[in-house]
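Each chain, written out:
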Amino acid sequence: MVMRRRAMRSLGVVLGFALVLSMSGCDYWPPALQAQIEQLRSETQTLTMERTQLQAQVNDLSKAKQDMQTQIDDLSRVNREKTGMITSLQNQLDAARAKAVKATAHKAPAKSTAKPAAKQPVKKKTATKR
């Protein structure tokens, strides 16, 4: 019975000590674990800096993409305008050619129906003596 009390008392002390340690926290870390923790912190900081740089690059590329898209839209609009102008000029050229063909067609029959001019006799030059 004495042994049992002693065992119970020892168990109570151990549990009490564990309870006190769990409440206060234990700040003891083995050196190898501390080294790993520092390495992980260092890697985390490095990765955070890389992520920040990559995010800045993504932002720059997004801005460049928006600028390029704006330029593409402007160039597409200008292209449509120029295509319209080319089509209009092509139509005007076709109309002008058609008018020219009609004008030459009307003049050509008028010349052919006119009487040929009477031939004038060709004067012969007399040779001058020297």
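To keep things clear, this report deals only with the structure shown in the data block. All values reported here derive from a predicted model rather than from experimental measurement.

**Brief notes about the overall build of the chain**
Here is step 1 of the chain: A tally of helices and strands in the chain yields two helices and zero strands.
Here is step 2 of the chain: Evaluated residue by residue, the chain yields a buried proportion of 0% over its 130 residues.
Here is step 3 of the chain: Of the roughly 13300 Å² of accessible surface on the chain, 62% is carried by carbon and sulfur atoms.

**Thoughts on a nonpolar patch on the surface**
Here is step 1 of the chain: On the surface, Met8, Leu11 and Leu15 cluster together to form a nonpolar patch covering roughly 330 Å² of accessible area.
Here is step 2 of the chain: With respect to the element layout, Leu15 can be found in helix α1 (residues 2-24).

**A few points about the pattern of salt bridges**
Here is step 1 of the chain: By the definition in use, this model includes two salt bridges.
Here is step 2 of the chain: Two residues, Glu38 and Arg41, come together in a salt bridge whose shortest N-O distance is 3.1 Å. In this pair, Glu38 and Arg41 both sit in helix α2 (residues 31-113), three residues apart, roughly one turn of the helix.
Here is step 3 of the chain: Among the residues examined, Glu38 registers a relative accessible area of 47% and is labelled partly exposed.

So, how was this worked out
- Residues numbered from 1 in each chain as written.
- Predicted model: local features only at pLDDT ≥ 70, side-chain atom pairs only at ≥ 80, totals over all residues.
- Heavy atoms only, no water.
- Helix = DSSP H or I, 4+ residues; strand = E, 2+ residues; numbered from the N terminus.
- Buried < 20%, exposed > 50% of the residue type's maximum accessible area, 1.4 Å probe, protein only.
- Areas by Shrake-Rupley, 256 points an atom, 1.4 Å probe, with all protein chains shown as cover.
- Patch = residues over 30% accessible without salt bridge, like charges linked within 9 Å, V, L, I, M, F, W, Y side chains within 5 Å.
- Salt bridge = Lys/Arg side-chain N within 4 Å of Asp/Glu carboxyl O.

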